[in-house]
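# Structure assessment
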Amino acid sequence: MYEKERGKWGISHAEMGFSRGIRDELARIMPERRCCQLAELAGLAYVDGLIVADGYEVVAGQAAAARKVYTLFKQLYQPYLEIKVRRRAQFNKHHIYVVRIPQQPGLVRITKSLEGVQRRYLRGRWGRACCRRAFLRGIYLGRGSATNPNKNYHLEIVTDTFQQAALVQSCMETFGISPGVVQRKRHVTVYLKDAGLIGQLLSLLGAHTALLKLESIRVLKEMRNQANRLVNCETANMDKTLDASLRQVENIRLIAETKGMDSLAPELQEIALFRLQYPYASLKELGTLLDPPLSKSGVNHRLRKIDRIADDLRGED
Ligand SMILES: [Zn+2]
């Protein structure tokens, strides 16, 4: 359905949707602790902040990032703030958002505390994981994007300097995620091309809906390959189990992409997640994974409910 609707630039809505979905999801997360709020703002400021003649500015290419910058500044320092919207270039619909703190008492304290976080990380003093995670989220909000996993597995963060790229890289490495780095024209890009690593990063940043989307697409791809391999050597019975599981995974993905997983009752969400995680498990095996365990017919009952919700969604189309 989505793949047919191609936009002006040959990008389908689903592709734009995946990348934007991550950003929107990350923009909604507000860290609870002050240390993490500061770290996230420091991340955004590290790649997009600038001391100007009469104040301090953070430039954001996306409304989501601008909102986050604004909220974090307010939360942390209650300064007087301005937001300006600039058109990026002629014939370009995209806007640039400038969150600006005009010269005022306390401005030096603000820039000093942001620089303090950045300097600590540049010296390899990584501190708490919660803050590092928030720092990466800030940087991703400012400079990150991802390709729809239906097409290929690719996530990148575009930075301006080798120093920035190296910091992003080593910060990710503190979590066991090793990205590649490549220079393209005036930018240095940090990228991931492995679905597993992209999934780890999304989970780390807190983009759980996007993670689920990625996982379900990955499972579908794997299962199609597996099904192709099995065609000639397995029994008809095995094919039937696999067919049913494939259908269930497709239904779960449809729900995740339209109504969202949150629309499902908790017990249905639970079984949906296990189905994605264990696409080859029988209904009985799925039942034993639940806590408390559920009978085969109980599992079947829940999965049928999911099938019906997906059927209704198709009917509305
Ligand atoms: Zn923290």
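Residues numbered from 1 in each chain as written. Predicted model: local features only at pLDDT ≥ 70, side-chain atom pairs only at ≥ 80, totals over all residues. Heavy atoms only, no water.

## Focus on the coordination of the zinc ion
Taken together, Cys-35 (SG), Cys-36 (SG), Cys-130 (SG) and Cys-131 (SG) make up the protein donors of the zinc ion, found 2.3 to 2.4 Å from the metal. Taken together, the four donor atoms coordinating the zinc ion and their angles of 94 to 132° define a geometry best described as tetrahedral. In terms of primary sequence, the donors binding the zinc ion are separated according to C-C-x93-C-C. Of this pair, Cys-35 sits in helix 2 (residues 34-48) while Cys-131 sits in helix 5 (residues 129-143), placing them 96 residues apart in sequence. By relative accessible area, Cys-35 is classed as partly exposed at 25%. (Donors = N, O, S within 2.8 Å, 3.2 Å for Na, K, Ca; no water. Tetrahedral: all angles 85-135°; square planar, octahedral: opposite > 155°, others 65-115°. Helix = DSSP H or I, 4+ residues; strand = E, 2+ residues; numbered from the N terminus. Buried < 20%, exposed > 50% of the residue type's maximum accessible area, 1.4 Å probe, protein only.)

## Focus: empty space enclosed by the protein
Scanning all chains against the criterion turns up one cavity of 30 Å³ or more. The calculated volume of the largest cavity comes to roughly 30 Å³. What lines the largest cavity is Phe-18, Ala-146, Thr-147, Asn-148, Pro-149, Asn-152, Tyr-153, His-154, Leu-155, Ile-198 and Leu-214. Among the residues making up the lining of the largest cavity, the classes are represented as seven nonpolar, four polar and no charged. (1 Å grid on protein atoms, 1.4 Å probe; cavity = no way out; pocket = protein on both sides within 12 Å on 5 of 7 lines; lining within 4 Å. Points joined across faces, edges and corners; volume = space filled by probe spheres on them. Nonpolar A, V, L, I, M, F, W, Y, C, P; charged D, E, K, R; others polar.)

## Quick word on the packing of helix 10 (residues 266-277) against helix 12 (residues 296-316)
Helix-helix packing: each pair is described by the crossing angle between the helix axes and the interaxial distance. Packing of helix 10 against helix 12 leaves a shortest axis separation of 10 Å and a crossing angle of 95°. Relative to helix 12, the element helix 10 is oriented roughly perpendicular. Contacts from Glu-267, Leu-268, Glu-270, Ile-271 and Ala-272 in helix 10 reach Val-299, Arg-302, Leu-303, Lys-305, Ile-306 and Ile-309 in helix 12. Within the contact of helix 10 with helix 12, the residues separate by chemical class into seven nonpolar, no polar and four charged. (Axes fitted to C-alpha atoms, helices over the stretch in contact; angles between N-to-C directions. Parallel < 35°, antiparallel > 145°, perpendicular 65-115°, else oblique. Contact = heavy atoms within 4.5 Å.)

## Examining the nonpolar core
If you look at the biggest cluster of nonpolar residues, it comprises 65 residues, and the most contacted ones within it are Ile-22, Phe-73, Leu-114, Phe-135, Leu-136, Leu-201 and Leu-202. Split by domain, this core shows at least three residues from each of two domains, domain 1 (13-203) and domain 2 (207-316). Judged by nonpolar contacts, the second largest core, of 26 residues, contains Met-223, Leu-242, Ile-255 and Ile-306. (Core = buried A, V, L, I, M, F, W, Y, C linked by side-chain atoms within 4.5 Å. Domains from an automatic or database assignment.)

## A few points about the sheet that holds strand 4 (residues 95-102)
Read from one edge of the open sheet, four strands run 1-2-4-3, paired in antiparallel fashion. At either margin of the open sheet sits one strand with a lone partner, and together these are strand 1 (49-52) and strand 3 (82-87). With direction set aside, neighbouring strand axes in the sheet form an average angle of 25°. Examined bridge by bridge, strand 1 and strand 2 (residues 55-60) share four bridges and lie antiparallel to one another. Across the sheet, residue Gly-49 finds its bridge partner in strand 2, namely Val-58. Sheet strands touched by helix 3 (residues 63-77): strand 2, strand 3 and strand 4. Its angle to strand 4, the strand with the most contacts, is close to 15°. (Pairing = 2+ DSSP bridges.)

Structural measurements only, silent on function.
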